[in-house]
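Read off the chains here:
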Amino acid sequence: MTLTQQIVTVAIIALGTMLTRFLPFLLFPANKQTPRPIQYLGRVLPAAVFGLLVIYCLKNVSLLGGSHGLPELIAIAAVVSLHLWKRQMLLSVAGGTVLYMVLVQLIF
């Protein structure tokens, strides 16, 4: 890439980032009520995203071979337990990820 192409690329990326950050505040100002469809999406999308992530993470787990999905099951139980105990999403996800990596690398 030439220097001009690099500058244009960085400028477009910066503009796109700023647009996605500022657009919600421009479309839905604080002095106006947020439309009901947007409120609905704000309620249901987080759970839907986590459901999709769980399905994506477990799609290639084989219950008939190798470890029979035990590391995944143990890590899921740890995530659920940590979340019920501390109610900290980042702690739950990080704890489950670390536990899974330890299980896969050292035990299974």
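So, how was this worked out
- Residues numbered from 1 in each chain as written.
- Predicted model: local features only at pLDDT ≥ 70, side-chain atom pairs only at ≥ 80, totals over all residues.
- Heavy atoms only, no water.
- Helix = DSSP H or I, 4+ residues; strand = E, 2+ residues; numbered from the N terminus.
- Buried < 20%, exposed > 50% of the residue type's maximum accessible area, 1.4 Å probe, protein only.
- Axes fitted to C-alpha atoms, helices over the stretch in contact; angles between N-to-C directions.
- Parallel < 35°, antiparallel > 145°, perpendicular 65-115°, else oblique.
- Left-handed = near helix turned anticlockwise from the far one by under 90°.
- Contact = heavy atoms within 4.5 Å.
- Nonpolar A, V, L, I, M, F, W, Y, C, P; charged D, E, K, R; others polar.

Colleague: Looking at this model, I keep getting lost on the environment of I107. Mind explaining?
Modeller: Note that I107 resides in helix α4 (residues 89–107). By relative accessible area, I107 is classed as exposed at 58%. Counting along the chain gives 40 residues from I107 to S67, while the straight-line C-alpha distance between them is 9.9 Å.

Colleague: Mind showing me how you'd approach unusual backbone geometry here?
Modeller: One can expect most non-glycine residues to show negative phi and most peptide bonds to be in trans. Located in the positive-phi region is H68, a residue other than glycine, with phi close to 60°. Here H68 shows up in the loop between α2 (36–58) and α3 (70–86). Judged by its relative accessible area of 45%, H68 is partly exposed. Of note, the phi angle at R87 is positive, near 55°, even though the residue is not glycine. Relative to the helices and strands, R87 is located in the loop between α3 and α4. For R87, a relative accessible area of 56% gives the class exposed.

Colleague: Sorry if this is basic, but what is going on with the packing of α3 against α4 here?
Modeller: Geometry of a packed helix pair, given as the angle between the helix axes and the separation of the axes. One way to put it is that α3 packs onto α4 with a least axis distance of 8 Å and a crossing angle of 155°. Comparing their axes, α4 and α3 come out roughly antiparallel. In this structure, α3 meets α4 at a crossing whose hand is right-handed. Of α4, the residues touching α3 (which contributes P71, E72, I74, A75, A78, V79, L82, H83 and K86) are M89, L91, S92, G95, G96, L99, Y100, L103 and V104. Among the residues forming the contact of α3 with α4, the class breakdown is 12 nonpolar, four polar and two charged.

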